Amino acid sequence: MKLNRLVSGALGTMVAAAIGFTGTVVTSVATAAPAHAASSAGGQITRSEVLARAQHWVDQGYTYLNSSDKSTWRTGPTGGERYRRDCSGLISMVWHLTEGYYDTSVFESWIGGSRLTRLGSFNDLKPGDAVLRVNFKGLSDHTELFARWKNNANHSEGAYFYSFNSTGETVRNPSRNSNFGNLGFRSLNDITSNFEHAIHYNNVIEDPQTPPPVPQQLGTLGDFDGDGKQDIAGVAGGDLWIHRNTSTPGNFSTQGTFISSGWGTVGKFMAGDFDADGKDDIIGFNGGDELMIWRSTSTATTFSFAAYKSLGTGWGIFDKLLPLADYDGDGKKDIAGIAGSDLWIHRNTSTPGNFSTQGTFISSGWGTVGKFMAGDFDADGKDDIIGFNGGDELMIWRSTSTATTFSFAAYKSLGTGWGIFDKLLPLADYDGDGKKDIAGVAYSDLWIHRNTSTPGNFSTQGVFVSSGWLTVSKFLGADFDADGKSDIIGFNGGDELMIWRSSSNATDFGFAAYKSLGTGWGIFRQLLTSAAVS
């Protein structure tokens, strides 16, 4: 089914606390990804559906009330079962149990039977599990739903929960404070000191497996015919196909065209307008050392490319290539790469139809930086370098380059806590303000960090958008209908390509319900973007 959820959340205090940002209220309708069918009462339920059911009571604004009066009980997002509005009623609802009045002592009695398993350690908790205490250290009996670790690699940083705690209080949750000002977060010491059991409901199952992970393509699609709309190009076996973008604002469509064979030996494809003629060219490696370029000679009716030209050998020294970017603001895409710990940039000295570059050593010390992105983050006309220090701190180097010299200012930190994101989307301008925003998926939640930078001053503002994105992969970036706002494109599994049109504005991020671009896309072993992926 389609999980189209209304999100009316404020900036997630989770990210505000972790990364130090402030935010605005989200009032737009955001749509989540397609998911499995909903559970039935007492049946199996996936971890993502458990969290979605918990979020439903958050979004409804229900408050704690421990009452036997069933008229005060509430239903979940699906099913007619009604549940008491206390901690055990919340757990009963999210696990979609058949009755809504199980209490903590009942849960404890189930441990070791067919219904509940006691985990070996609190460190074994996964989304959809719970913590429980009954007659423990003189504390009141209580249970909470585990949402996720703040940092999967370091549980000592604590974890996020959904819980009902006090009469009149809304559900504490990972995304925003309750009406009493409490976030659903506990330190690891708090968890181990205040709870006796880490428990798993045996009907909670893993979500459907997505295809094996592939390197992230943190790049944008190419416009090969120069019509202002980005096309989808891919290699199937040794064949190059391009799906011409025939969309109009709000209406998405493509038209697939076979181009040519013989591309099976080419690797690390990139797409970019290398000679500044208004059409994106194809760049790729022959083996691992020779860089080649095919100039687009396409028209509005026919895709075509000139015979390749070699940009020389010796490119195999680069351990990492950055997405094609214009670092000096001359309107042409440069090629940057890391060799060992050294940053090199090959200035694009091409003219229309004639390709050339000029390699320049920039600086050392880049060996510990990963997940490079490139974009004009402060809207000064020059692309900056963005990357991760380890896996948690996001850093940015502002380009101070000129027509003759490449240079970058000392890095500025955009804070820590970015390790919560399992997937990052390509930098894209979702709200049409001319600045690239940072979007990422944390488990099944989509967050966008609005770019609030000014020239030379970098800042972002994190906003929770919606849940349900767990099964979407291989995100691509493009303003697919040429309305001035970047849309989200991704795969459902590995074969169906879907698109969510941005309806965002200067204050709210929102996306229309997804539209399918059809199935059969799994034949492509590689899609061409501005980022090199083997």
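Residues numbered from 1 in each chain as written. Predicted model: local features only at pLDDT ≥ 70, side-chain atom pairs only at ≥ 80, totals over all residues. Heavy atoms only, no water.

An unreviewed UniProt entry annotates the protein as VCBS repeat-containing protein originating from Sphaerisporangium album.

The subject of this paragraph is the packing of aromatic side chains. Inspection of every chain in the model, using the stated rule, returns 32 aromatic pairs. With a centroid separation of 5.8 Å and an interplanar angle of 90°, the aromatic rings of Y64 and F164 are classed as edge-to-face. Remark: F164 occurs in the loop between β7 (159-162) and β8 (185-186) and Y64 occurs in the loop between α2 (47-60) and β2 (74-75); sequence separation between them is 100 residues. There is no split in this pair, since Y64 and F164 are both buried. For the pair F146 and F161, a centre-to-centre distance of 5.6 Å together with 80° between the ring planes defines the contact as edge-to-face. Pair noted here: F146 is in strand β6 (residues 142-149) and F161 is in strand β7, with a separation of 15 residues, a long-range link. (Phe/Tyr/Trp six-rings, centres within 6.5 Å; stacked < 30°, edge-to-face > 60°. Helix = DSSP H or I, 4+ residues; strand = E, 2+ residues; numbered from the N terminus. Buried < 20%, exposed > 50% of the residue type's maximum accessible area, 1.4 Å probe, protein only.)

Once that is clear, we can look at the side chain of N173. With respect to the helices and strands, N173 occurs in the loop between β7 and β8. Under the relative-accessibility criterion, N173 is labelled buried at 1%. At 3.0 Å, the side chain of N173 forms a polar contact with the backbone oxygen of V171. Setting aside its immediate chain neighbours within four residues, N173 contacts V58, F161, Y162, L183 and G184. (Polar contact = N/O pair within 3.5 Å; in protein donor to acceptor, adjacent residues only side chain to side chain. Contact = heavy atoms within 4.5 Å.)

Okay, the layout of surface pockets next. One water molecule sets the probe size; rolling that probe over the atoms shows where empty space is left. Of the volumes computed, that of the second largest pocket is approximately 760 Å³. Around the second largest pocket, the lining comprises 37 residues; the ones closest to its centre are T220, Q230, K333, D383 and K436. Within the residue set of the lining of the second largest pocket, elements represented by two or more residues are β14 (266-272), β22 (369-375) and β30 (472-478). For the lining of the second largest pocket, the element with the most residues is β22, which contributes three residues. Its residues placed into classes, the lining of the second largest pocket shows 13 nonpolar, 13 polar and 11 charged. (1 Å grid on protein atoms, 1.4 Å probe; cavity = no way out; pocket = protein on both sides within 12 Å on 5 of 7 lines; lining within 4 Å. Points joined across faces, edges and corners; volume = space filled by probe spheres on them. Nonpolar A, V, L, I, M, F, W, Y, C, P; charged D, E, K, R; others polar.)

Here we take up unusual backbone geometry. Residues other than glycine seldom take positive phi values, yet H96 does so here, at roughly 55°. Tracing the sequence through the fold places H96 in the loop between α3 (87-94) and α4 (104-110). A positive phi angle, close to 50°, is found at K474, a residue other than glycine. Tracing the backbone shows K474 in strand β30.

Our next topic: the domain arrangement of the protein. Domain boundaries in the protein define domain 1 (45-205) and domain 2 (217-517). Taking only C-alpha atoms into account, the centre of domain 1 sits 41 Å from that of domain 2. Between domain 1 and domain 2, the residue contacts involve eight residues of the former and six residues of the latter. Taken over both partners, the interface formed by domain 1 and domain 2 buries close to 750 Å², and the fraction arising from carbon and sulfur atoms is 57%. Of all residues in domain 1, S48, R148 and S175 give up the largest surface area on contact with domain 2, accounting jointly for 47% of the area buried on that side. Between R148 and D445 there is a salt bridge, and its shortest N-O distance comes to 3.2 Å. Across the domain 1-domain 2 interface, the total number found is one residue pair in polar contact (both at pLDDT 80 or more). Broken down by element, the side of domain 1 that touches domain 2 gets its largest block of residues, three residues, from α2. (Domains from an automatic or database assignment. Buried area = accessible area lost by both parts, 1.4 Å probe. Salt bridge = Lys/Arg side-chain N within 4 Å of Asp/Glu carboxyl O.)

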